[in-house]
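# Working through the structure, step by step
Chain residues, written in single-letter form:
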Amino acid sequence: MDIVPAIDLIDGKCVRLHQGAYDSKTIYNENPLEQALMFQDQGFSRLHMVDLDGAKAGETKNLKVLEKITSKTNLVIDYGGGVRSGVRAVEVLDAGARMVNIGSMAVKNTELFDELLEEIGQKYILLGLDVRNEKLATDGWTNQTEVSIFDFLEERIEKGLDKMFCTDISKDGTLQGPSVELYTKLIDRFPNLQLIASGGVGTVKDLVTLKERGLSGAIVGKAFYEGKISIEEISEAELI
């Protein structure tokens, strides 16, 4: 299972939110490159980056930060937040990201998303869905829809989607454990989907549980920043 450290960006700084609330941000590092290098030095090969400014504004805002990190590290980076068009998706890839995360646009303009899957290639697109009570949320978690994640995925998988990450907003930033029940339902219904967990991971035991349930990866943010999980514990648990 891939363990993927996360950097969320607001005003060019590494932050974490609590349950998606922008007014609950905590700044953990004012230098994202420094943080990325720390993750690389600890032995991680992947990095998940979210442009929270961009997600809220509807257009990417921190591409210069992405360019700096991709030029100074060897990390395989997936990046998203504010990607609402094919042009923006290409800009993210041109800035050095290996994959572009697309969430809100996929929900609000499914036809365009399906076109991008075909034109850019599913290899370079990582769908990111945010949910509350199994219903999708968009625009940096500020807009709640009544769209079921299960119905939405049914259609996207028919179009060739093969991987995604899913954030349960109620769990995000809480360190109270991931949404195991939701992920189990998703895997049971879509057994060929590569599913990455996001939100709520607080202990190595959480990661072991996710691996046992068949997830292909887990994004970890606050637990790393607050010292709840170490690379040594992850190695001892044979997770990497």
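Residues numbered from 1 in each chain as written. Predicted model: local features only at pLDDT ≥ 70, side-chain atom pairs only at ≥ 80, totals over all residues. Heavy atoms only, no water.

### Some words on the environment of Ser-104
Let me state the cut-off plainly: Numbered from the N terminus, helices here are DSSP runs of H or I no shorter than four residues, and strands are runs of E no shorter than two. Residues count as neighbours in contact if any of their non-hydrogen atoms are within 4.5 Å of one another.
In this fold, Ser-104 is placed in helix 5 (residues 104-108). For the pair Ser-104 and Gly-160, spaced 56 residues apart in sequence, the C-alpha separation works out to 18 Å. Once you skip the residues sitting within four places of it in the chain, Ser-104 turns out to touch Arg-84, Thr-138, Asp-139 and Gly-140.

### So, the pairing of strand 3 (residues 21-29)
Put simply, the rule reads: Strands are labelled as partners when DSSP assigns at least two bridges between them.
Pairing of strand 2 (residues 13-18) with strand 3 involves four bridges; the strand directions are antiparallel. Looking across to strand 3, one finds that His-18 is bridged to Ala-21.

### Thoughts on the pattern of salt bridges
Heads up, the condition is: Salt bridges are defined by distance alone: a side-chain nitrogen of Lys or Arg within 4 Å of a carboxyl oxygen of Asp or Glu. Categorising residues by exposure relies on relative accessible area from a 1.4 Å probe, with only protein chains included: less than 20% of the type maximum marks a residue as buried, more than 50% marks it as exposed, and the intermediate range marks it as partly exposed.
A full pass over the atoms with the stated rule returns 16 salt bridges. For Glu-134, the salt bridge is made with Lys-185, and the minimal N-O distance between the two is 2.8 Å. Of this pair, Glu-134 sits in the loop between strand 7 (125-132) and strand 8 (135-138) while Lys-185 sits in helix 8 (residues 180-189); the two residues are 51 residues apart in sequence, bridging distant segments of the chain. The exposure class assigned to Glu-134 is partly exposed, which follows from its relative accessible area of 29%. A salt bridge links Asp-162 to Lys-163, with the shortest nitrogen-to-oxygen separation between them at 3.7 Å.

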